[in-house]
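# Chains, contacts and geometry: an overview
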Amino acid sequence: RWEGLVAHVALAWVGACGFDTDALWTPAARNDADLLILLPGHQADPLAEALMQIWGAAGVRLGWGAASGEPVVASPRVRACTDFEHEALSAAACVVDHLNAGRAPVALIANDRLLTRRVSAILEGAGARLRDEAGWKLSTTQAGAAFMALLRAAAPRASSDDVLDWLKLAPAFDATEVQRCERALRRQGVSLWAAAPSDHRPAGADALLGALQAARPLVHWLRDVDRALELSGQRAVLKADAAGQQLMTLLRLGEASHELDGLGETAGEGGRRRWSLAQFSAWVREVLEGAGFQSGASGAPQVVVVPLSQRLGRSFAAVVAPGCDERHLPASPEPTGAWTRDQRQALGLPDREALRAAQASAWATLFDGTPLDLLWRSHDGGEPRLPSPLLDALSLQPDAVALDPQEIASRGTPAPQPSAPGLVPERLSASAY
């Protein structure tokens, strides 16, 4: 019923309201401007292309790099790594090499998000300032993991490991008592929390978790979970963390007047539907998986993590692009969704040819004369990997092959030698020596 109402509202809205871009088609727009300049991206914009046709000779199309006819010089340093960890260490070594040479900021291309997270962790441990513009899923943050730990621990058949993991994240429970409980459960080999002796459980844990096991409407779930976060001390931790603040806003936690109030009275049986803990947990998981998070950096960043498509028009002192293998950098990306070719064309969605052209255009932006490192791994999880077809198509000269990044990492920055000529005697006797 609600889907039908939303569809009718959407149809009425489209037919009754206008868009800001409607002003571009009026005669006044042609009279107020003498020229239309189009700076295209990697994919064609239907609105911009239609305007270019209307403006005719008064429309000027600019270009970027290879698209504007400038020659592309392929002179990157290429490294074929053995596995995931080798590639992560090698990419971090390349970034450190550029920073030691005074080239900053360095663009770290996020072809493989898991690999990029590993490289970022290595660089942060080395003291480099990072800004991640690609972001990552909110579910992979520490705040998201702590929130899901509470829901896993509240399951009726939760394992002892799940409950212990949550207890260690809840500040309201004494750490010494939690350690004593864990030692007792490990010694007795208790796998299910329900089978754990009551004298070993921290006080208040069972009551808090038991309050989250009964089915209830969505609004009640959000309020009860927010109260559980308050009692466990996790709410204060989430509010002190940037990702935790976004999580609470996204799930509408802590709102005095909830926007879903009254849904049961106006939406028929669907609004009064009671959700089980498993259904609510699945809903929360999907919400966190669909939300992105970007961490802030204090001060001018030395390393900027960007997707390949966002290299366009950016100025960097050096570029390091790991993950240039056939899986993470395909020449023809797979179209998302279940739409057929005809359906994508009718809806104006990019087809495989458009995605391939956009990928080639994004790849070409790397070769603008900026120092560039390209890395790929020959094995991933025990399976062989081939380099990306885009990387394979490069005709590299022998002198364009990179130095061994492992040597770069081991060399590092030489330590300064002590120098104190005023404290060194000119002559020493045998006994003084």
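On a predicted model such as this, the values are computed, not experimentally measured, just so you know.

Relative to the helices and strands, Leu222 resides in helix H10 (residues 218-232). For the pair Leu222 and Leu251, spaced 29 residues apart in the sequence, the C-alpha separation amounts to 7.5 Å.

Overall, the coordinates contain 23 salt bridges when judged by the stated rule. Asp373 is the salt-bridge partner of Arg77, the closest N and O atoms lying 2.6 Å from each other. You can see Arg77 sitting in strand S3 (residues 77-81) and its partner Asp373 sitting in strand S10 (residues 372-377), a full 296 residues away along the chain. In this structure Asp373 comes out as buried when scored by relative accessible area, which is 1%. Among the ionic pairs, Arg311 bridges to Asp368, the shortest N-O distance being 2.8 Å. Separated by 57 residues along the polypeptide, Arg311 in the loop between strand S8 (303-306) and strand S9 (318-321) and Asp368 in the loop between helix H16 (352-364) and S10 bring together distant segments of the chain.

Let's shift gears to the layout of surface pockets. Its volume calculated, the largest pocket comes out at about 530 Å³. For the largest pocket, the lining is made up of 21 residues, of which Leu308, Ser309, His328, Pro333 and Gln359 are closest to its centre. Looking at the lining of the largest pocket, its residues break down into 11 nonpolar, seven polar and three charged.

The next subject is the packing of aromatic side chains. Using the criterion set out here, one finds five aromatic pairs in the structure. Arranged with centres 5.4 Å apart and planes meeting at 65 degrees, the rings of Trp166 and Phe173 form a pair that is edge-to-face. Residue classification places Phe173 among the buried residues on the basis of a relative accessible area of 11%. Aromatic pair Trp275 and Trp283: ring centres 5.9 Å apart, planes at 75 degrees, arrangement edge-to-face. What makes Trp283 partly exposed here is its relative accessible area of 25%. Aromatic ring contacts, followed pair by pair, group Trp221, Trp275, Phe280 and Trp283 into a single cluster. Above the face of the Trp55 ring, Arg30 is positioned so that its terminal group lies 4.6 Å from the ring centre.

To continue, consider the packing of helix H6 (residues 142-153) against helix H7 (residues 160-169). At a minimum axis distance of 8 Å, the contact between H6 and H7 shows a crossing angle of 135 degrees. In terms of orientation, H6 and H7 fall into the oblique class. Judged by the twist between their axes, the crossing of H6 over H7 is left-handed. On H7, the residues that touch Ala146, Ala149, Leu150, Arg152 and Ala153 of H6 are Asp162, Val163, Trp166 and Leu169. When the residues that make up the contact of H6 with H7 are grouped by side-chain class, the tally is seven nonpolar, no polar and two charged.

This next bit is on the packing of H6 against helix H14 (residues 277-289). When two helices pack together, their arrangement is captured by the angle between the axes and the distance separating the axes. Close contact between H6 and H14 brings their axes to 10 Å; oriented N to C, the two are set at 170 degrees. One way to sum up the angle between H6 and H14 is to call them roughly antiparallel. Each of Gly144, Phe147, Met148 and Leu151 in H6 lies in contact with H14, whose residues at this interface are Leu277, Phe280, Ser281, Val284, Arg285 and Leu288.

It is worth spelling out the side chain of His98 at this point. Tracing the chain through its elements places His98 in helix H4 (residues 84-100). With near-sequence residues (within four places) excluded, His98 lies in contact with Arg77, Arg103, Val106, Ala318, Val320, Pro371 and Asp373.

How each quantity is defined
- Within each chain, residue numbers correspond to sequence positions counted from 1 in written order.
- This being a predicted model, a pLDDT of at least 70 is required before a residue's local features are given, and a value of 80 or more before pairs of side-chain atoms are given or counted; all residues contribute to the totals for chains, interfaces and linings.
- Side-chain figures throughout are based on the complete set of non-hydrogen atoms in the structure, without hydrogens or water.
- The helix count covers DSSP runs of H or I at least four residues long, the strand count covers runs of E at least two residues long, and both are numbered beginning at the N terminus.
- Throughout this description, the term salt bridge denotes a Lys or Arg side-chain nitrogen within 4 Å of a carboxyl oxygen of Asp or Glu.
- Throughout this description, buried means an accessible area under 20% of the type-specific maximum (1.4 Å probe, protein chains only), exposed means over 50%, and partly exposed covers the range between.
- Only protein atoms enter the 1 Å grid used here, on which a cavity is any set of points holding a 1.4 Å probe that cannot leave and a pocket is any open set flanked by protein within 12 Å on both sides along at least five of seven lines; residues with an atom within 4 Å of a point are listed as lining.
- Grid points are joined across faces, edges and corners, and a volume is the space filled by probe spheres set on the points.
- When residues are sorted by character, Ala, Val, Leu, Ile, Met, Phe, Trp, Tyr, Cys and Pro go into the nonpolar class, Asp, Glu, Lys and Arg into the charged class, and all the rest, Gly among them, into the polar class.
- Ring geometry is summarised as follows: Phe, Tyr and Trp rings, the Trp one being its six-membered ring, pair when their centres sit within 6.5 Å, and such pairs are stacked at plane angles under 30 degrees, edge-to-face over 60 and tilted between the two.
- Either the NZ atom of lysine or the CZ atom of arginine qualifies as a charge over a ring when it sits within 6 Å of the ring centre and within 35 degrees of the ring normal.
- Interaxial angles span 0 to 180 degrees and are taken between N-to-C directions of axes, which are lines fitted to C-alpha atoms, for helices over the stretch in contact.
- By the definition adopted for this analysis, an angle is roughly parallel if under 35 degrees, roughly antiparallel if over 145, roughly perpendicular if from 65 to 115, and oblique otherwise.
- A clockwise turn of the near helix away from the far one marks a right-handed crossing, whereas an anticlockwise turn of less than a right angle marks a left-handed crossing.
- Working rule for contacts: check all heavy atoms of both residues, and any pair within 4.5 Å makes them a contact.

The values are spatial; any link to function lies outside them.
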